[in-house]
Amino acid sequence: MPNLPSQIVASASLIGRRMLLRHRRLASPAARCFTTTEGHRPTMVHKRSIDILHDPWFNKGTAFSMTERDRLDLRGLLPTNVMSSEQQIERFMVDLKRLEVQARDGPLDPNALAKWRILNRLHDRNETMYYKVLIANIKEYAPIVYTPTVGLVCQNYGGLFRRPRGMYFSAEDRGEMMSMVYNWPAEQVDMIVVTDGSRILGLGDLGVQGIAIAIGKLDLYVAAAGINPQRVLPVMIDVGTNNEKLLEDPIYLGLQQHRLDGDEYIAVIDEFMEAVFTRWPNVVVQFEDFQSKWAFKLLQRYRNSYRMFNDDVQGTAGVALAGLLGAVRAQGRPMIDFPKMKIVVAGAGSAGIGVLNAARKTMARMLGNNETAFDSASSQFWVVDAKGLITEERENIDPEARPFGRKVKEVHRQGLREGASLVEVVREVKPDVLLGLSAVGGLFSKEVLEAMKWSTSTRPAVFAMSNPTKNAECTPEEAFSIIGENVIFASGSPFKDVDLGNGHIGHCNQGNNMYLFPGIGLGTLLSGSRIVSDGMLQAAAECLAGYMTEEEVLRGVIYPSISSIRDITKEVATAVIKEAIEEDLAEGYRDMDARELRKLSQEAIEEFVQNNMWSPDYPCLVFKDN
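One numbering rule holds for all chains: residues counted from 1, following each sequence as written. In keeping with the predicted nature of the model, local features appear solely for residues at pLDDT of at least 70, side-chain atom pairs appear and are counted solely at 80 or more, and the whole-chain, interface and lining totals rest on all residues. Side-chain metrics rest on all non-hydrogen atoms present in the structure, leaving aside hydrogens and water.

### Let's talk about the pattern of salt bridges
When a carboxyl oxygen of Asp or Glu is within 4 Å of a side-chain nitrogen of Lys or Arg, the pair counts as a salt bridge. Considering all chains together, one arrives at 33 salt bridges under this definition. Between Glu424 and Arg417 there is a salt bridge; the shortest N-O distance is 3.2 Å. Of the residues examined, Glu424 reaches a relative accessible area of 25% and is grouped as partly exposed. Asp584 is the partner of Arg598 in a salt bridge, and the nearest nitrogen-oxygen pair spans 3.1 Å. Residue Arg598 is found in helix H26 (residues 594-599), and its partner Asp584 is found in the loop between helix H25 (565-582) and strand S16 (588-589); the two are separated by 14 residues along the sequence. Exposure categories follow from relative accessible area, calculated using a 1.4 Å probe and restricted to protein chains: below 20% of the type maximum is buried, above 50% is exposed, and the middle band is partly exposed. Asp584 gets classed as exposed once you look at its relative accessible area, which sits at 55%. By sharing partners, the salt bridges in this structure join Arg333, Asp337, Lys340 and Asp432 into a single network. Secondary structure elements follow DSSP: runs of H or I of four or more residues count as helices, runs of E of two or more count as strands, with numbering from the N terminus.

### Looking at the sheet that holds strand S15 (residues 508-510)
What the 7 strands build is an open sheet, ordered S9-S8-S7-S10-S11-S12-S15; its pairing is mixed. Here the strands that pair on one side only, and so sit at the sheet edges, are strand S9 (388-389) and S15. Any two strands between which DSSP finds at least two bridges are classified as paired. The sheet contact formed by strand S10 (residues 433-436) and strand S11 (residues 461-464) spans 4 bridges and is parallel. For Leu435, the partnering residue across the bridge sits in S11 and is Phe463. Pairs of residues are marked as contacts when any of their non-hydrogen atoms sit within 4.5 Å. For helices, the fitted line uses only the C-alpha atoms of the stretch in contact; every axis is such a line through C-alpha atoms, and the angle between N-to-C directions lies from 0 to 180 degrees. Sheet contacts for helix H15 (residues 311-330): strand S7 (343-346), S10, S11 and strand S12 (488-491); angle to S11, the most-contacted strand, approximately 160°.

### A closer look at empty space enclosed by the protein
Within this scheme a cavity is a closed region of a 1 Å grid, computed over the protein atoms alone, that accommodates a 1.4 Å probe without allowing it to escape, whereas a pocket is open but has protein on both sides within 12 Å along at least five of seven lines; lining residues each have an atom within 4 Å of a point. Grid points are joined across faces, edges and corners, and a volume is the space filled by probe spheres set on the points. Evaluated as defined, the whole model comprises 2 cavities of 30 Å³ or more. Of the pockets and cavities examined, the largest cavity occupies roughly 200 Å³. Lining the largest cavity we find 19 residues, and of these Trp116, Asn120, Tyr157, Arg165 and Ile215 sit closest to its centre. Breaking the lining of the largest cavity down by element, the ones donating at least two residues are helix H5 (111-125), helix H8 (149-155), helix H9 (157-160) and helix H11 (211-225). With 5 residues, H5 is the single largest residue contributor to the lining of the largest cavity. Looking at the lining of the largest cavity residue by residue, the classes come out as 11 nonpolar, 3 polar and 5 charged. Ten residues, namely Ala, Val, Leu, Ile, Met, Phe, Trp, Tyr, Cys and Pro, are considered nonpolar, four, namely Asp, Glu, Lys and Arg, are considered charged, and the remaining ones, Gly among them, are considered polar.

### Observations concerning the packing of helix H6 (residues 127-136) against helix H7 (residues 138-145)
It is at 6 Å that the axes of H6 and H7 come closest, and there the two elements cross at 115°. Taken together, the axes of H6 and H7 lie roughly perpendicular to each other. Here Tyr130, Val133, Leu134, Ile135 and Ala136 of H6 lie close against H7, whose contacting residues are Ile138, Tyr141, Ala142 and Val145. Classifying every residue of the contact of H6 with H7 gives 9 nonpolar, no polar and no charged. Every angle not falling under 35 degrees, over 145, or within 65 to 115 is termed oblique; those three ranges are roughly parallel, roughly antiparallel and roughly perpendicular.

### Some details on the environment of Thr80
Checked against the element boundaries, Thr80 lands in the loop between helix H3 (66-71) and helix H4 (85-102). The exposure class assigned to Thr80 is exposed, which follows from its relative accessible area of 68%. For Thr80 and Asp591, which are 511 residues apart along the polypeptide, the C-alpha to C-alpha distance reads 43 Å.

### Regarding the side chain of Arg303
Relative to the helices and strands, Arg303 resides in the loop between helix H14 (292-302) and strand S6 (308-310). By relative accessible area, Arg303 is classed as buried at 11%. A distance of 2.9 Å separates a polar atom in the side chain of Arg303 from a polar atom in the side chain of Asp534. Not counting residues within four places of it along the chain, the set of residues in contact with Arg303 comprises Met308, Gln314, Ile531, Val532, Ser533, Asp534 and Leu537. Whenever a nitrogen or oxygen atom comes within 3.5 Å of another N or O atom, the pair is scored as a polar contact, on the condition that within protein one atom can donate a hydrogen and the other can accept it, and that pairs from neighbouring residues in sequence are kept only if both atoms are in side chains.

### A closer look at the packing of aromatic side chains
Any two of the Phe, Tyr and Trp rings considered here, Trp counted by its six-membered ring, make a pair once their centres fall within 6.5 Å; the pair's planes then place it as stacked at under 30 degrees, edge-to-face at over 60, or tilted in between. Enumeration over the complete set of coordinates arrives at 13 aromatic pairs. With centroids separated by 5.6 Å and ring planes inclined at 10°, the aromatic side chains of Tyr515 and Tyr559 adopt a geometry described as stacked. Taken together, the residues Tyr515 in the loop between S15 and helix H22 (517-527) and Tyr559 in the loop between helix H24 (550-554) and H25 connect sequence positions 44 residues apart. Accessibility assignment for this pair places Tyr515 and Tyr559 in one class, buried. Pairwise contacts between aromatic rings join Phe277, Phe287, Phe290, Tyr302 and Tyr306 into one cluster. Placement of a positive charge over a ring is assigned whenever Lys NZ or Arg CZ falls within 6 Å of the ring centre and within 35 degrees of the normal to the ring plane. Lys297 extends its terminal NZ or CZ atom over the ring of Trp294, reaching a point 5.2 Å from the ring centre. Between Arg406 and the ring centre of Trp382, over which it is positioned, the NZ or CZ distance is 3.9 Å.

### A few points about the sheet that holds strand S3 (residues 191-195)
Strand order in the open sheet made by the 5 strands is S2-S4-S3-S5-S6, with parallel pairing throughout. Strands at the two margins of the open sheet, each flanked by one partner only, are strand S2 (167-170) and S6. Pairs of neighbouring strands in the sheet enclose a mean axial angle of 20°, with direction left out of account. Docked against the sheet, H15 engages strand S5 (284-287) and S6, running at close to 75° with respect to S6.

Below, the structure is given as structure tokens:
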């Protein structure tokens, strides 16, 4: 075997060990539930009677036992029959399936939005049952509470708003945020998702209506990572909107003024961060859907002093990186061939640059992690934005994109130029991977996909990663019909697999951020690390890349099923904790201090993670008078 850089050997070995451990667990007949000991303790409540039934955190509906009904003055307020949670779910699902067909607000209200309304009403009255339904049917309902339906919810939030959920900090609250955070009733908050609504998915500036994306993300933190729903907080920072339609809308819920900018904008975010970390010093904050202009600046401003990360920049990058590594495996090549991959990237926004940086770092690490390695890695990418191919000749180039500008002499030798079109670039480069993060639906036209047929790879990969569905660069049907059945396809939003005939299936892999952000958040929380390091993010991506078996990736399956999300999150969180320990960042969590955490084996860390994942079980309620 040739002498390889130690980083490559370590990385390959790590992925191999994770895969082996996973298959040992799958083969084991013993399966642990995700219930914490905390969930079995009686819960003291300071309300009873009708007040309990109106509180979604404690309401059990018809599942209250007769003893609890007597203890909490509920006798006579509910139908006589006591139902189990399983019976409740069965009744709800029958109702949901019926209402899916009948609940319409007219021709513009599609079925997905009707489902969201029904689920949201359940969320409003009984949180435990809501999360039971979501966890049990996560593959079906994740696209409802998250992308793509959440985009439609954000666009229509003014008419959908019924019950406040989360907190709103506005430009008019400057100087008041430190006291405002104490208006939130929870003494402990573990996870915050915050947005300013400036770039919701690929839909642009939706202002205060973007709060729905924070709510949806936190639903997935609860369902996938087992974060206690009483310890999550969706946040909207309302600094105005530049959406003229919203500025003129008489029922718009937010500030009807143009967005703050410059130092004024930074001052608002600074005050918010100081306030939440003063009250909840152990909270993890995820930044979500900030426009590219601010996404990188805020990430660099806070990442070394607060427990925070930006999912659009770092989460998307990790999921895409895991897919790229999976594509290498699917092509029957060793992982160390990743630095040889030719990758054309369409899109140079925050998500696109985030993926480029993560992939370049991984390639450079495999090549020795020195300046030469970084230069070599950078040469594997061709970046195309709205103005065409980015080269050193580009005027007013974004500083984040500058490292990926192609050298002029080099592109001329390839028959290309500054501003060359996407189809020209694909035709001349013949890339192994065409990666779309442009938010331009249909960008991968018939001409572009036909050019991919000339890829030098035996199994070219097409990643149409933009959300929501209408912004996907192409559909799986288009990719498989034009390029052929050997193409590896991934998308950001869910699509159905394609029947290729003769018993062959074209697999549509959803490169969903949901695979990583719950595990990154949970792992950071349980490790007690004060920052989210690049190493922790890299460990998460490599864990996901190693989750699939060799047989699966050779069939073109590079991402696992969403139905396995609890197990995936547990493994990703374990990898994040291990990396935090190795980097000496871990400070421990609750009764598990840093010293004890360092003593744990891989299996013990997994058990630690599992035991700290909340499960939606009805607690025994006991009234306590104030």
